[in-house]
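Chain residues, written in single-letter form:
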Amino acid sequence: MDSPTVRESSTQDGLAPDLPTKVHGLVLRELTIMDADAYYKLLDSNRGHLTRLGDYQAEGKATSEWVREHLSTASGASLRYGIRLNDELIGRVDLIAVDPPRYGTGYWLGEARVGAGYATAACAVLYDYAARTLGATDIFAGVTHGNAKSVALLKRLGFEPVTEFENYTRFHLSLVR
Ligand SMILES: CC(C)(COP(=O)(O)OP(=O)(O)OC[C@H]1O[C@@H](n2cnc3c(N)ncnc32)[C@H](O)[C@@H]1OP(=O)(O)O)[C@@H](O)C(=O)NCCC(=O)NCCS
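This section reports on the structure supplied with the text.

What counts, and at which threshold
- Residues numbered from 1 in each chain as written.
- Predicted model: local features only at pLDDT ≥ 70, side-chain atom pairs only at ≥ 80, totals over all residues.
- Heavy atoms only, no water.
- Buried < 20%, exposed > 50% of the residue type's maximum accessible area, 1.4 Å probe, protein only.
- Helix = DSSP H or I, 4+ residues; strand = E, 2+ residues; numbered from the N terminus.
- Arc of directions from axis to C-beta.
- Near = heavy atom within 4 Å.
- Polar contact = N/O pair within 3.5 Å; in protein donor to acceptor, adjacent residues only side chain to side chain.
- Areas by Shrake-Rupley, 256 points an atom, 1.4 Å probe, with all protein chains shown as cover.
- Nonpolar A, V, L, I, M, F, W, Y, C, P; charged D, E, K, R; others polar.

1. Notes on helix H6 (residues 148-157)
Taken together, the buried positions of H6 are occupied by Ser-150, Leu-153, Leu-154 and Leu-157. Across the axial projection of H6, the buried residues extend over an arc of 95°, all falling on one side. Opposite the packed face of H6, turned more than 90 degrees from it, sit the exposed residues Ala-148, Lys-155 and Arg-156. Backbone geometry just after H6 places Gly-158 at a positive phi near 100°.

What follows is the structure in structure tokens.
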């Protein structure tokens, strides 16, 4: 099997660096307007999967125009990564600059790619990068009640539940050892 393309440096094109994961062929690469067609295709085939618990409502209604506008909007201090398996876009993981060095996160995989550890590997490398390169100290995630797969993923990564809200639980990961 061919190895996926990995960009070594971010400095020349202004993009965040590619982040290879521990899984062979699984790489994070910043989502840009160049991904608009692939991203729309992935959303279009996962509308039910993404919105099942009430999350990702905008993605569930996405049009190709919405995708183009969304990916054209600068992400600022946040990081918007596509999860790629052998260069195929299979999901997304975000680091959200809510209150640096404290960050939020969000993640999803196409339904056909769940159950293989890809989201765990993708989140792990992103949070490690956040700690080492951005000086992130804390990551927070909000999980809608009933999302057992998301809870299991966060627990694998070392997150702990910290606050219960009416519709969701807030989880926390400390990056300061
Ligand atoms: C949340 C979501 C990303 C979790 O996906 P996932 O595939 O369960 O998580 P991973 O990719 O880490 O895979 C874990 C599964 O692979 C298995 N696995 C196999 N090899 C593995 C490995 N090396 N490491 C970890 N898990 C591995 C695990 O046992 C687990 O399987 P199980 O669910 O049968 O116990 C996915 O369900 C999703 O996209 N949901 C819709 C969007 C969503 O809810 N996002 C989160 C909002 S808070």
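The structure having been displayed, the exposition proceeds.
2. Regarding the site of the ligand
Surveying the vicinity of the ligand reveals 18 residues, the closest of which are Tyr-107, Gly-115, Ala-119, Thr-120 and Asn-147. The contact in question runs from an oxygen atom of the ligand to an N or O atom on the side chain of Arg-156, over 3.2 Å. Within the complex, the protein chains bury 70% of what would otherwise be the 930 Å² of accessible surface of the ligand. Of all elements in the fold, only strand E5 (102-109), helix H5 (118-134) and H6 reach the threshold of two or more residues within the shell around the ligand. With four residues, H6 is the largest single contributor of residues to the shell around the ligand. Split by residue class, the shell around the ligand holds nine nonpolar, seven polar and two charged.

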